[in-house]
Amino acid sequence: MLEDYQKNFLDLAVECKALTFGSFTLKSGRVSPYFFNLGFFNTGKLLSNLATAYAIAIIQSDLKFDVIFGPAYKGIPLASIVCVKLAEIGGSKFQNIQYSFNRKEAKDHGEGGNIVGASLNNKRVLIIDDVMTAGTAINEAFEIIGKANGTVVGSIIALDRQEIVDTTTSQNGLSATQAVSQRYGIPVLSIVSLSHVINYLDGKITKEEKSKIEEYRQTYGA
């Protein structure tokens, strides 16, 4: 059963074409019947609603953390807008949550280094991003945070595709989120999953579109 914030998120995702249906070749080479691009949440209204969805999912998780870390590049605006929204709607315990992000290239002048924003030293860190596929980006984030003496306590994404990782690896049968959760011993939260997409959009997308998604899930679903 979806909550109102999840329904609103999916409605807006379809409306702004962040979630589209058709035939899309992914980096993995798989041909997906749907594509998700959070970059289309690109107005003040859309970003505010997006931040609210992330914030509610975080608040409901009851996860304890000090800093939201956004990996470059899409994680950068997400970390900042969600930090603001948590302060607005999360109550007193979220007023002092900090945010930080990394540069792709370290800076050798000014404050130096490749971390911008809050220090991660001895902090509990929540990683925020749009999606998680093979887990490559979050592996890099763990390395960056570890070097800065931070401790990752969880990760949150917008959409969990619930899709198995490369079947040639030892993680055969696990989704990217399951694999990361198992590898690092952390919860991986999401606003919605593919199951939510299929259930909520039933009747809002064509039967052919739904059938193709179901077939894709039968082949690649975790």
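The protein chain is annotated in an unreviewed UniProt entry as orotate phosphoribosyltransferase from Naumovozyma dairenensis. Annotation of the protein chain in UniProt includes, under Function (unreviewed entry), the sentence "Catalyzes the transfer of a ribosyl phosphate group from 5-phosphoribose 1-diphosphate to orotate, leading to the formation of orotidine monophosphate (OMP)." As its UniProt record puts it under Sequence similarities (unreviewed entry), the protein chain is described as follows: "Belongs to the purine/pyrimidine phosphoribosyltransferase family. PyrE subfamily."

### A short note on the overall build of the protein chain
Helix and strand counts for the protein chain come out as 7 helices and 8 strands. Taken over C-alpha atoms, the radius of gyration comes to 18 Å for the protein chain, in line with the 17 Å a tight globule of 222 residues would show. Counting only C-alpha atoms, the protein chain reaches 55 × 40 × 30 Å along its principal axes. Sequence-distant contacts, at least 24 apart, represent 70% of the contacts inside the protein chain between residues at least 6 apart.

### Observations regarding the pattern of salt bridges
Using the criterion set out here, one finds 12 salt bridges in the structure. Put simply, Arg30 and Glu163 hold a salt bridge, and the shortest N to O gap is 2.8 Å. In this pair, Arg30 is assigned in the loop between β1 (19-25) and β2 (31-36) and Glu163 in the loop between β7 (151-160) and α5 (176-184), connecting sequence segments 133 residues apart. Take Arg30 and Glu163: they sit in the same class, and that class is buried.

### Section: the nonpolar core
Phe9, Phe41 and Tyr54 are the most contacted members of the largest nonpolar core, which has 48 residues in total. Residue contributions to this core peak at 8 residues, all from helix α2 (residues 44-61). Setting aside anything within four residues of it in sequence, one finds Phe41 in contact with Phe9, Leu12, Ala13, Cys16, Ala18, Leu46, Leu47 and Leu50. The next biggest cluster of nonpolar side chains, apart from the first, holds 19 residues, and it includes Phe69, Ala118, Ile144 and Val180.

### Things to note about the pairing of β2
Across 5 bridges, the pairing between β1 and β2 is antiparallel. What sits directly across from Phe21, in β2, is Tyr34. What sits between β1 and β2 in their antiparallel hairpin is a turn of 5 residues, with Gly29 showing a positive phi close to 95°.

### What about unusual backbone geometry?
In the segment running from Ala72 into Tyr73, the intervening peptide bond is cis, with an omega of 10°. By the element assignment, Tyr73 lies in the loop between β3 (67-70) and α3 (75-89). The backbone phi angle of Lys17 is positive, close to 70°, even though this residue is not glycine. Relative to the assigned elements, Lys17 resides in the loop between α1 (4-15) and β1.

### Some words on the packing of α1 against α2
Two elements in contact, α1 and α2, have axes whose closest approach is 10 Å; the angle formed by their N-to-C orientations is 145°. In this structure, α1 crosses over α2, and the sense of that crossing is left-handed. Contact residues: Tyr5, Asn8, Phe9 and Leu12 in α1; Leu46, Asn49, Leu50, Ala53, Ile56, Ala57 and Gln60 in α2. In terms of residue class, the contact of α1 with α2 is made up of 8 nonpolar, 3 polar and no charged.

### Regarding helix α4 (residues 136-147)
With 12 residues, α4 should reach 16 Å at 1.5 Å per residue; the first-to-last C-alpha distance of 17 Å fits that figure. Within the sequence span of α4, burial applies to Ile138, Ala141, Phe142, Ile144 and Ile145. Taken around the axis of α4, the buried residues stretch over an arc of 165°, which confines them to a single face. After α4 finishes, the residue Asn149 shows a positive phi value of roughly 65°.

### Here we look at α1
The terminal C-alpha atoms of α1 lie 16 Å apart, and with 12 residues this matches the ideal 16 Å at 1.5 Å per residue to within 8%. On its buried face, α1 is in contact with β1, β2, α2, β7, β8 (188-193) and α6 (194-200). Among the residues trailing α1, Lys17 stands out with phi positive, at a value near 70°.

### So, the environment of Ala13
Relative to the helices and strands, Ala13 is located in helix α1. With a relative accessible area of 0%, Ala13 lands in the buried category. Distance from Ala13 to Leu50, taken between C-alpha atoms, is 9.2 Å for residues 37 residues apart in sequence. When near neighbours in sequence (up to four residues on either side) are disregarded, Ala13 contacts Ala18, Leu19 and Phe41.

What counts as what
- Every chain begins its residue count from 1, and numbering advances along the sequence as written.
- For this predicted model, a pLDDT threshold of at least 70 governs which residues receive local features, and a threshold of 80 or more governs which side-chain atom pairs are given and counted, while totals over whole chains, interfaces and linings are taken from all residues.
- To obtain the side-chain values, all non-hydrogen atoms of the structure were included, while hydrogens and water were left out.
- UniProt positions are given in the numbering used here, feature names are shortened, and annotations may be inferred rather than shown by experiment.
- Runs of H or I in DSSP of at least four residues are treated as helices and runs of E of at least two as strands, each being numbered from the N terminus.
- Only C-alpha atoms enter the radius of gyration; for comparison, a globular chain is expected to reach 2.2 Å times N to the power 0.38, where N is the number of residues.
- In this analysis, two residues are considered to be in contact whenever any of their non-hydrogen atoms come within 4.5 Å of each other.
- What makes a salt bridge here is a side-chain nitrogen of Lys or Arg within 4 Å of a carboxyl oxygen of Asp or Glu, nothing more.
- Partly exposed residues are those whose accessible area sits between 20% and 50% of the maximum for their type, while under 20% is buried and over 50% is exposed, using a 1.4 Å probe and protein chains only.
- Among buried residues, those of type Ala, Val, Leu, Ile, Met, Phe, Trp, Tyr and Cys that are joined through side-chain atoms within 4.5 Å constitute a nonpolar core.
- The criterion for strand pairing is that DSSP finds at least two bridges linking the strands in question.
- Where helices are involved, their axes are fitted lines through C-alpha atoms of the stretch in contact, as for all axes, and angles between N-to-C directions lie from 0 to 180°.
- Throughout, a crossing is termed right-handed when the near helix is turned clockwise from the far one, and left-handed when it is turned anticlockwise from it by less than a right angle.
- Under the scheme applied here, ten amino acids are nonpolar (Ala, Val, Leu, Ile, Met, Phe, Trp, Tyr, Cys and Pro), four are charged (Asp, Glu, Lys and Arg), and all others, including Gly, are polar.
- Expected helix span is computed as 1.5 Å times (number of residues minus one).
- Arc definition: directions from the helix axis to the C-beta atoms.

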